[in-house]
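# Structure assessment
The primary structure of each chain is shown beneath.
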Amino acid sequence: MAPQRPLRFGVLGCADIAYRRTLPAMAAVPEVEVAAVASRDLGKAARFASAFGCASVSGYDALLASPDIDAVYLPLPAMLHAEWIEKALRAGKHVLAEKPLTGDEESAGRLLRYAASQGLVLLENVAFPHHAQHARVEKLIADGAIGDVRDFTSVFTIPPLPEDNIRHQPDVGGGALLDMGIYPIHAALHYLGSDIEVVHAVLRVSARTGAVVSGRILACSPAGVSADLLFGMEHSYRTSCEIVGARGRVWLNRAFTPPPTLQPAVYVERQNHHEEITLGADDQFANIVRYFATQVRTGAGTGDRTAVSLRQAQLVGAVERKATRIEIPATGSVL
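This is a predicted model, so every value here is computed, not measured.

What follows is about the overall build of the protein chain. The helix and strand tally for the protein chain stands at nine helices and 15 strands. Here the C-alpha atoms of the protein chain give a radius of gyration of 20 Å, agreeing with the 20 Å that 2.2 N^0.38 yields for 335 residues. Its C-alpha atoms put the protein chain at 60 × 55 × 35 Å along the principal axes. In the protein chain, which comprises 335 residues, the proportion classed as buried is 54%. Working note: accessible area of the protein chain is about 14,300 Å², and carbon and sulfur atoms make up 51% of it. Where the 32 positive side-chain charges of the protein chain centre and where its 35 negative ones centre are 1 Å apart.

Right, here's the structure in full:
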């Protein structure tokens, strides 16, 4: 039997995340091929494409019209996702879309349902659950290393960004809730399950731009397991998860964005016991690209991931409805 040809990806836009992480991962996965990069600025597309040995295309619609493209990777700003995901699906392309899938729960649900009805894969590019360190933490918990889980804490914060950064434009970039906040929300779903609910939240909003710059979310499970979720773009850099049980705790300090060469550590603490478990390096971006290609080729779909993405969008909506909003001046202090 002849080997299957690689899944041919077209890239909509020349985003930094695509250049630094996703496209290098695609280049390392034999099951896929980066075939073309599209931009409204052909010169920009050409410069971007030259780094990955692929074609450059003028305009997103032209790329979607190409019969040589099997799937689309979409790293556009958050508030443009819904429009271009829908156009890609209607062009018959599978879609790997950067997080968040869309800016609201209604459009996320509608597009996920449409993709399923057409036999197309639509996957949100939340890569961290595909890193081996999270499987190790899950096994430790399942093996009783910390006893029954009592609460969960997760943080994703980054240092202040330049004022012209797109994340400060809520009508385009979406702000910190959609950019950083979905990581701790997604992590809570990963470790505590889909039945968690938002109890309350605080959102800090820039008086100048109207963008959410940081926030804190309190959620809990029906059994009373609490989740404290912190995010923002006005802090020191932190990406962590901590699960506390009846007999101890386990945590990760590089939970969301470990470089592919990093050997991460899992920390376990109980009374009179402290353990640091160093793991092998793993490439979560290559893993999710490989997963995407497998689901396309086998027709297996992404039911588990689809359900999490939809629930994540619903929880983001709940945060926006329930939050206390604090307006801060441009020079306001951090949390």
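Within the structure shown, the criterion is met by 17 salt bridges. Between arginine 216 and aspartate 228 there is a salt bridge whose closest N-O contact spans 3.0 Å. Pair noted here: arginine 216 is in strand E9 (residues 212–220) and aspartate 228 is in strand E10 (residues 226–232), with a separation of 12 residues, a long-range link. Residue classification places aspartate 228 among the partly exposed positions, given a relative accessible area of 25%. For glutamate 242, the salt bridge is made with arginine 249, and the minimal N-O distance between the two is 2.4 Å.

In this section: the sheet that holds strand E4 (residues 71–74). Taken together, six strands build an open sheet; the order of strands is E3-E2-E1-E4-E5-E6 and the sheet is parallel. Of all strands in the sheet, those bounded by a partner on one side alone are strand E3 (55–58) and strand E6 (122–125). The mean inter-strand angle of the sheet, taken between neighbouring strand axes irrespective of direction, is 25°. Where strand E5 (residues 94–98) and E6 come together, four bridges link them in parallel fashion. What sits directly across from glutamate 98, in E6, is asparagine 125. Relative to E6, helix H8 (residues 284–298) is tilted by about 175°, and along the sheet it contacts strand E1 (7–12), strand E2 (32–39), E4, E5 and E6.

As a further point, take the nonpolar core. Judged by nonpolar contacts, the single largest core of 53 residues is most densely connected at Phe152, Ile217 and Val250. A total of 12 residues in this core trace back to one element, the largest contributor, which is helix H7 (residues 176–192). Counting 29 residues, the second-largest nonpolar core is a separate cluster that includes Val29, Tyr73, Ile288 and Ala293.

Here we come to the packing of H7 against helix H9 (residues 303–322). Running from N to C, H7 and H9 point in directions that differ by 120°, and their axes come no closer than 10 Å. Taken together, H7 and H9 sit at an angle that is classed as oblique. In this structure, H7 crosses over H9, and the sense of that crossing is right-handed. Contact residues: H7 offers Leu177, Leu178, Ile182, Ile185, His186 and Leu189, while H9 offers Arg305, Val308, Arg311, Gln312, Leu315, Val316, Val319 and Glu320. Looking at the contact of H7 with H9 residue by residue, the classes come out as nine nonpolar, two polar and three charged.

What follows covers the state of the cysteines. Cysteine pairs can be linked by a disulfide, which is a covalent bond between their two sulfur atoms. Tallying each qualifying case throughout the model produces zero disulfides. Looking at cysteine 54, it has no disulfide partner, and the nearest cysteine sulfur is the one in cysteine 14, 9.3 Å off. Residue classification places cysteine 54 among the buried positions, given a relative accessible area of 15%. This cysteine, cysteine 241, is not joined by any disulfide, and cysteine 220 carries the nearest cysteine sulfur, 18 Å off.

Calculation criteria
Residues numbered from 1 in each chain as written. Predicted model: local features only at pLDDT ≥ 70, side-chain atom pairs only at ≥ 80, totals over all residues. Heavy atoms only, no water. Helix = DSSP H or I, 4+ residues; strand = E, 2+ residues; numbered from the N terminus. Rg over C-alpha atoms; globule rule 2.2 N^0.38 Å. Buried < 20%, exposed > 50% of the residue type's maximum accessible area, 1.4 Å probe, protein only. Areas by Shrake-Rupley, 256 points an atom, 1.4 Å probe, with all protein chains shown as cover. Lys, Arg positive; Asp, Glu negative; His and termini not counted. Charge placed at Lys NZ, Arg CZ, Asp CG, Glu CD. Salt bridge = Lys/Arg side-chain N within 4 Å of Asp/Glu carboxyl O. Pairing = 2+ DSSP bridges. Axes fitted to C-alpha atoms, helices over the stretch in contact; angles between N-to-C directions. Contact = heavy atoms within 4.5 Å. Core = buried A, V, L, I, M, F, W, Y, C linked by side-chain atoms within 4.5 Å. Parallel < 35°, antiparallel > 145°, perpendicular 65-115°, else oblique. Left-handed = near helix turned anticlockwise from the far one by under 90°. Nonpolar A, V, L, I, M, F, W, Y, C, P; charged D, E, K, R; others polar. Disulfide = S-S within 2.5 Å.

Everything listed here is a matter of coordinates, which is why it stays silent on function.
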